[in-house]
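Given next are the chains, with one letter for each unit.
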Amino acid sequence: DVKVTQSSRYLVKRTGEKVFLECVQDMDHENMFWYRQDPGLGLRLIYFSYDVKMKEKGDIPEGYSVSREKKERFSLILESASTNQTSMYLCAGRTDLYGYTFGSGTRLTVV
Amino acid sequence: EDKVVQSPLSLVVHEGDTVTLNCSYEVTNFRSLLWYKQEKKAPTFLFMLTSSGIEKKSGRLSSILDKKELFSILNITATQTGDSAVYLCAYGQNFVFGPGTRLSVLP
C-alpha cells in the first residue's frame, strides 16, 4: 500500500505566525498536492508539484507557499497565518493506478 | 473553468435502501473520474473510471461513467449505517473535486 503521512493531526497557531505543514510519501512518485477542505466547499487545490523543486499554483494559492526539496517531502507554508486559514489541510500523492492517496489531514486553527 | 457538480448535496435514507449519487462535470481535457468516500478522516479511494459504459463494482457499490453526457453515478445497494459518509467525485489531471454528497443511513 502507498502511504502519505502528515506530521500533525491538530495545530493551533496565532495570527501572524509562520506555519509549516509537512507531508511525506513513500510512493517514489513525483506528483504531490495540497488541498484544504471547508464545509460546503469540498476540496480545493492550493498547490501541487510534479517534481523536485517544481511547484504550480492551484485554485487558491494566496497566502500559501510550498517547498519540494526532496521527492518524498512536500511542505505547505502559511507565511503569516490568518483566521480565514483555519481549515482541514489534506496532502495527497497520485498514482496512475489508484488515483490519489490522501494523508490523514491536519486540522489547523488560527486564533 | 473546469467544474464538478454533485447531487444531491445531502441524502438521508434507511438501512436497506438503495441510493444513487450523481456527478456531472465540465472539462477541458478529460482523463479519468474518481470516487472517494470520506468519513471522519481523509478520503479513501473507491473507483477510477476512464471508459464509458463499463461498470465497476466493489461489493454493494458500483459506478459507471458516461463520457458523452459528462456524468457518472455511484450506486449503493442495501445500504448500511457504515455507509454514512461524504462521497466525493473528482476528475482530471489535477483532480478537481466536487462539493460531495453527505449520505446518512439511519438504522
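Structure: see above.
A few points on the structure. These figures come from a predicted structure and were not determined experimentally.

Once that is clear, we can look at the side chain of Lys 37 of chain B. Residue and element names in this part refer to chain B. Tracing the backbone shows Lys 37 in strand β4 (residues 33-38). Of the side chains with opposite charge, Glu 39 lies nearest to the buried Lys 37, which makes no salt bridge, at 4.0 Å. Within the structure, Lys 37 has its side chain in polar contact with the backbone oxygen of Gly 82 (distance 3.0 Å). If we ignore the near neighbours within four places in the chain, the residues touching Lys 37 are Ala 42, Pro 43, Thr 44, Leu 46, Gly 82, Asp 83, Ala 85, Val 86 and Tyr 87.

This brings us to the interface of chain A and chain B. Every contact between the two is made by 21 residues of chain A and, on the other side, 16 residues of chain B. Across the interface of chain A and chain B, roughly 1400 Å² is buried in total on both sides, 56% from carbon and sulfur atoms. Of all residues in chain A, the largest losses of buried area upon contact with chain B belong to Leu 43, Tyr 100 and Phe 102 of chain A, amounting jointly to 29% of the total for that side. At the junction of chain A with chain B, the criterion picks out 0 salt bridges. Here chain A is connected to chain B by 1 residue pair in polar contact (both at pLDDT 80 or more). Where the side of chain A that touches chain B is concerned, the elements lending two or more residues are β5 (32-38), β6 (42-49), β10 (87-95) and β11 (99-102) of chain A. At 4 residues, β6 of chain A tops the list of elements feeding residues into the side of chain A that touches chain B. Split by residue class, the side of chain A that touches chain B holds 11 nonpolar, 7 polar and 3 charged.

To continue, consider the pattern of salt bridges. All names here are of chain A. Enumeration over the complete set of coordinates arrives at 6 salt bridges over all chains. Notably, a salt bridge pairs Glu 79 with Lys 18, separated by 3.7 Å at the nearest N-O pair. With Glu 79 in the loop between β9 (73-78) and β10 and Lys 18 in the loop between β2 (10-13) and β3 (19-21), this residue pair connects regions lying 61 residues apart in the sequence. For Lys 18, a relative accessible area of 46% corresponds to the partly exposed category. Between Arg 36 and Asp 38 there is a salt bridge; the shortest N-O distance is 2.8 Å. By relative accessible area, Arg 36 is classed as buried at 8%. Classification of Asp 38 as buried rests on a relative accessible area of 13%. Salt bridges here are not isolated pairs; linked through shared partners, they connect Arg 36, Asp 38 and Arg 44.

Quick notes on the rules
- Residues numbered from 1 in each chain as written.
- Chains lettered and ligands numbered in written order.
- Predicted model: local features only at pLDDT ≥ 70, side-chain atom pairs only at ≥ 80, totals over all residues.
- Heavy atoms only, no water.
- Helix = DSSP H or I, 4+ residues; strand = E, 2+ residues; numbered from the N terminus.
- Buried < 20%, exposed > 50% of the residue type's maximum accessible area, 1.4 Å probe, protein only.
- Lys, Arg positive; Asp, Glu negative; His and termini not counted.
- Salt bridge = Lys/Arg side-chain N within 4 Å of Asp/Glu carboxyl O.
- Polar contact = N/O pair within 3.5 Å; in protein donor to acceptor, adjacent residues only side chain to side chain.
- Contact = heavy atoms within 4.5 Å.
- Buried area = accessible area lost by both parts, 1.4 Å probe.
- Nonpolar A, V, L, I, M, F, W, Y, C, P; charged D, E, K, R; others polar.

Purely geometric stuff here, so don't read any function into it on its own.
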